[in-house]
Amino acid sequence: MDNLRLTLLITLTILFVAMLWKRFKQRTVANDLPVRSHAEVISMHVLYHPERLRVQVKVPSMQELIPAVLDDHHEQQFAWPSVRADKGSHVLELPLNDVKDGEHFFELGTDTQRTVRRFRLMRV
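Residues numbered from 1 in each chain as written. Predicted model: local features only at pLDDT ≥ 70, side-chain atom pairs only at ≥ 80, totals over all residues. Heavy atoms only, no water.

(A) Just the side chain of His-104, in detail. Residue placement: His-104 occurs in strand S7 (residues 102-109). Looking at His-104, the relative accessible area reads 4%, which means it is buried. Side-chain polar atoms of His-104 contact the side chain of Gln-77, separated by 3.1 Å. Once residues within four sequence positions are removed from consideration, His-104 is found in contact with Val-69, Leu-70, Gln-77, Val-99, Arg-117, Arg-118, Phe-119 and Leu-121. (Helix = DSSP H or I, 4+ residues; strand = E, 2+ residues; numbered from the N terminus. Buried < 20%, exposed > 50% of the residue type's maximum accessible area, 1.4 Å probe, protein only. Polar contact = N/O pair within 3.5 Å; in protein donor to acceptor, adjacent residues only side chain to side chain. Contact = heavy atoms within 4.5 Å.)

Right, dumping it as structure tokens:
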């Protein structure tokens with residue numbers, strides 16, 4: 001009888017831990033992973049000669065992308081014309097002629113989201 005009680009206790013403990021792990025995993029996936037239906041900024045680089053911002057974007061479906069430069073207070077400083085992008089990976093090369101030196105924020109907006117990344121422009 002003691003062996004049965006010990007076996008049930010160990011089995012229930014393992015089952016309880018497995019259920020907690022499953023709940024933790026579901027909650028983490030629901031709260032922390034990006035939504036797949038949104039445009040995703042894969043990489044962003046400042047290129048010089050001429051100055052431009054090279055942004056690689058992955059788009060899950062046809063969307064209108066609205067790129068802009070924000071200042072330190074996240075107020076729009078400069079905006080490029082919107083771009084219609086089909087499903088897939090795209091590279092945007094955006095000129096930085098009217099942007100001053102220093103730290104700025106790049107904003108990529110769509111109908112349903114807004115993604116912001118920081119970059120630094122330093123002309124020598």
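Back to the text.
(B) Geometry of the pairing of strand S2 (residues 52-59). Only one face of S2 is covered, namely the face carrying Leu-53, Val-55, Val-57 and Val-59; the face carrying Arg-52, Arg-54, Gln-56 and Lys-58 is uncovered. Where strand S1 (residues 40-47) lies against S2, seven bridges are found, and the strand directions are antiparallel. Each bridged residue has a counterpart across the sheet, and for His-45 the counterpart in S2 is Arg-54. Of the strand pairs in this sheet, S2 and strand S6 (residues 88-95) are connected by eight bridges, and their pairing is antiparallel. Bridge pairing in S6 links Arg-52 to Pro-95. (Pairing = 2+ DSSP bridges.)

(C) View of the side chain of Gln-113. Along the chain, Gln-113 falls in the loop between S7 and strand S8 (114-121). Side-chain polar atoms of Gln-113 contact the side chain of His-38, separated by 2.8 Å. For Gln-113, the residues in contact, after removing those within four places along its chain, are His-38, Ala-39 and Leu-108.

(D) Representation of a nonpolar patch on the surface within the structure. A cluster of nonpolar side chains, namely Leu-6, Leu-9, Ile-10 and Ile-14, defines an oily patch on the protein surface of about 400 Å² accessible area. Following the sequence through the fold, Ile-10 ends up in helix H1 (residues 2-32). (Patch = residues over 30% accessible without salt bridge, like charges linked within 9 Å, V, L, I, M, F, W, Y side chains within 5 Å. Areas by Shrake-Rupley, 256 points an atom, 1.4 Å probe, with all protein chains shown as cover. Salt bridge = Lys/Arg side-chain N within 4 Å of Asp/Glu carboxyl O.)

(E) Fine view of the nonpolar core. If you look at the biggest cluster of nonpolar residues, it comprises 19 residues, and the most contacted ones within it are Leu-53, Val-55, Val-57, Leu-65, Phe-106 and Phe-119. Every element with two or more residues in this core is listed here: S1, S2, strand S3 (63-70), S6, S7 and S8. Per-element accounting of this core gives the leading share, four residues, to S2. (Core = buried A, V, L, I, M, F, W, Y, C linked by side-chain atoms within 4.5 Å.)

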